[in-house]
Amino acid sequence: MPTTHPDASHAGTSADCSQPRLRSDAKANLERILNSAREVFAAQGLDATLADVAKHAGVGVGTVYRRFASKDELIQALFDTRCSEIETIAATAREMPDAWEGLVYFLDVISLRMADNRGFGDLLMDGRFASDTFARARAGIAQHTAALVNRAKEQGTLRSDFEVNDIPLLMQVVKMAQKFGGDEAPQAYRRALGFMIDGLCASRTGHRELPVPALSSEQLDHVLHRFQASPDKNC
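Residues numbered from 1 in each chain as written. Predicted model: local features only at pLDDT ≥ 70, side-chain atom pairs only at ≥ 80, totals over all residues. Heavy atoms only, no water.

Draft legend 1. Structural detail: the nonpolar core. Residues Phe41, Leu74, Phe79, Phe106 and Leu107 are the most contacted members of the largest nonpolar core, which totals 55 residues. Residue assignment for this core shows that the elements contributing at least two residues are helix 1 (8–44), helix 2 (50–57), helix 4 (71–95), helix 5 (99–116), helix 6 (118–125), helix 7 (132–154), helix 8 (166–181) and helix 9 (189–200). Excluding residues within four positions of it along the chain, Phe79 makes contact with Phe41, Leu46, Asn117, Gly119, Phe120, Leu123 and Phe134. (Core = buried A, V, L, I, M, F, W, Y, C linked by side-chain atoms within 4.5 Å. Buried < 20%, exposed > 50% of the residue type's maximum accessible area, 1.4 Å probe, protein only. Helix = DSSP H or I, 4+ residues; strand = E, 2+ residues; numbered from the N terminus. Contact = heavy atoms within 4.5 Å.)

Draft legend 2. A look at helix 2. Buried within helix 2 we find Leu50, Val53, Ala54 and Ala57. Summarising the axial view, the buried residues of helix 2 lie within an arc of 100°, below the 170-degree limit, and thus occupy one face. Of the residues one or two after helix 2, Gly58 is the one with positive phi, at around 75°. (Arc of directions from axis to C-beta.)

Draft legend 3. Region of interest: the packing of aromatic side chains. Evaluated as defined, the whole model comprises 1 aromatic pair. Pairing Phe79 with Phe120 gives two aromatic rings, centres 6.1 Å apart and planes at 25°, and the pair type is stacked. In this pair, Phe79 sits in helix 4 while Phe120 sits in helix 6, placing the two residues 41 residues apart along the sequence. Residue placement shows Arg82 over the ring face of Phe120; its charged tip is 4.8 Å from the ring centre. (Phe/Tyr/Trp six-rings, centres within 6.5 Å; stacked < 30°, edge-to-face > 60°. Lys NZ or Arg CZ within 6 Å of the ring centre and 35° of its normal.)

Draft legend 4. Structural detail: the UniProt feature "DNA-binding region" (unreviewed entry) in the protein chain. UniProt records the feature "DNA-binding region" (unreviewed entry) at residues 49–68, using the numbering of this structure. Strand forms 0% of residues 49–68 and helix 75%; the C-alpha atoms that close the span are 12 Å apart. (UniProt positions renumbered as here; feature names shortened; annotations may be inferred.)

Here it is, written out as structure tokens:
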């Protein structure tokens with residue numbers, strides 16, 4: 001009769017039980033990486049590296065690379081849904097009966113999304129980051145906003161020399177205003193946007209009420225000191 005090791009009956013069970021734990025650990029690492037990437041890219045923009053994400057997540061950079069072959073792949077995983085969300089916002093704006101109100105709504109909401117997430121603002125303004133989903137979303141956004149701009153001009157509320165390709169130019173100004181205000185004045189960009197929207201009107205007898213007050217002298221001093229001290233004024 002063959003001899004049975006006293007622990008043999010438990011050997012397979014122990015190995016089998018380790019597999020769900022390993023899968024659970026891998027899932028937890030993935031969630032930690034994604035959550036950390038959201039926070040890192042939101043705060044630092046898309047110039048942040050996978051090493052930055054790994055450090056924030058408390059894992060080795062090799063762990064990040066095992067889940068995502070490149071930073072672009074991680075960006076796609078994080079922002080595919082948000083790009084589709086902007087396309088939906090553009091479609092909603094296009095359907096508004098008053099095209100001017102639709103355009104103002106679109107500019108307000110997209111600016112807010114950019115303020116909430118610096119990385120998302122980088123993605124909208126930077127063509128380096130490409131995927132089929134991003135390309136479809138950008139094409140949809142362009143189609144909806146072009147129809148919106150044309151209808152606003154037909155209704156006589158938008159100045160006739162404004163073109164849909166001017167929208168990214170406005171958003172770049174908003175993005176710069178957001179970086180300029182930083183943590184000291186995170187809402188300051190809304191004044192810049194308000195001034196720009198007034199400038200888009202075909203005609204007006206008054207002006208749009210600005211949603212936030214001007215920077216105080218103390219705020220301005222802090223902003224200028226921090227902005228001028230930055231090695232890259234575009235960051």
